Amino acid sequence: MRYLLMIAGEGEPTEEQLAIGCGGWSDDLLARGVLVGGGGLHPPASATTVRVRGGDVQLSDGPFAESKEQIGGYAVIDCADLDEAVDIASRHPAAAYGTIEIRPMLG
């Protein structure tokens, strides 16, 4: 089953957190074919939110949700079950200072 890992943290990452990045987390996953894709995102201030209301397209700057935590990156993994997904997510360096939301993907 495929899962989306949404990697979030409060505010901008520190220089140390940026330097660590995935810290080799993806190497083994890539070798085993578990990591399907992923990447980092620009800061939330660079986001554009799109809504269509009454047939009109409305754009706004910044993230959709007003929250302390913002998604900074994502990974798509293909693993046996939620237990394996939790194990993989818990090994990501960002889990030590942020949060990783795991969602099963449709299809």
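Residues numbered from 1 in each chain as written. Predicted model: local features only at pLDDT ≥ 70, side-chain atom pairs only at ≥ 80, totals over all residues. Heavy atoms only, no water.

Chemist: Would you mind going over the sheet that holds strand β6 (residues 99–104) in detail, with residue names and values included?
Modeler: Taking strand neighbours across the sheet as the criterion, the four strands line up as β2-β5-β1-β6 in an open arrangement whose pairing is antiparallel. Unpaired on one side and paired on the other, β2 (35–40) and β6 mark the two borders of the sheet. Averaged over all pairs of adjacent strands, the angle between strand axes in this sheet comes to 20°, irrespective of strand direction. Across five bridges, the pairing between β2 and strand β5 (residues 69–78) is antiparallel. (Pairing = 2+ DSSP bridges. Helix = DSSP H or I, 4+ residues; strand = E, 2+ residues; numbered from the N terminus. Axes fitted to C-alpha atoms, helices over the stretch in contact; angles between N-to-C directions.)

Chemist: Let's hear about the pattern of salt bridges: which residues, and what values?
Modeler: In this structure the tally under the stated criterion is three salt bridges. Between D87 and R91 there is a salt bridge, and its shortest N-O distance comes to 3.0 Å. According to the relative accessible area criterion, D87 is partly exposed, its value standing at 34%. (Salt bridge = Lys/Arg side-chain N within 4 Å of Asp/Glu carboxyl O. Buried < 20%, exposed > 50% of the residue type's maximum accessible area, 1.4 Å probe, protein only.)

Chemist: I'd like a description of the nonpolar core, backed by residues and values.
Modeler: If you look at the biggest cluster of nonpolar residues, it comprises 15 residues, and the most contacted ones within it are L5, W25, L29, L35, I77, C79 and I88. For this core, the secondary-structure elements that each account for two or more residues are β1 (2–10), α2 (25–32), β5 and α3 (82–90). Not counting residues up to four positions away in its chain, the partners in contact with I77 are M1, R2, Y3, L5, V34, L35, V36, A85 and I88. (Core = buried A, V, L, I, M, F, W, Y, C linked by side-chain atoms within 4.5 Å. Contact = heavy atoms within 4.5 Å.)

Chemist: Got a sec to walk through α3? Specific residues and values, please.
Modeler: Of all the residues in α3, the buried ones are A85, I88 and A89. Down the axis of α3, the smallest arc covering the buried residues is 95°, so these residues share one side. On its buried face, α3 sits against β1, α2, β5 and β6. Where α3 begins, the side chain of D81 points an oxygen toward the backbone nitrogen of D83, at a separation of 3.2 Å. (Arc of directions from axis to C-beta. Polar contact = N/O pair within 3.5 Å; in protein donor to acceptor, adjacent residues only side chain to side chain.)

Chemist: For the environment of A89, give the residues involved together with the corresponding values.
Modeler: Locating A89 in the fold gives a position in helix α3. Overall, the relative accessible area of 5% leaves A89 in the buried class. A89 sits 64 residues away from W25 along the chain, and the two C-alpha atoms are 9.5 Å apart. For A89, the residues in contact, after removing those within four places along its chain, are L5, A95, I100 and I102.

Chemist: For the side chain of H92, give the residues involved together with the corresponding values.
Modeler: Within the element layout of this structure, H92 appears in the loop between α3 and β6. On the basis of relative accessibility, which here comes to 6%, the residue H92 falls in the buried class. Engagement of the side chain of H92 in a polar contact is seen with the backbone nitrogen of A94, the distance being 2.9 Å.

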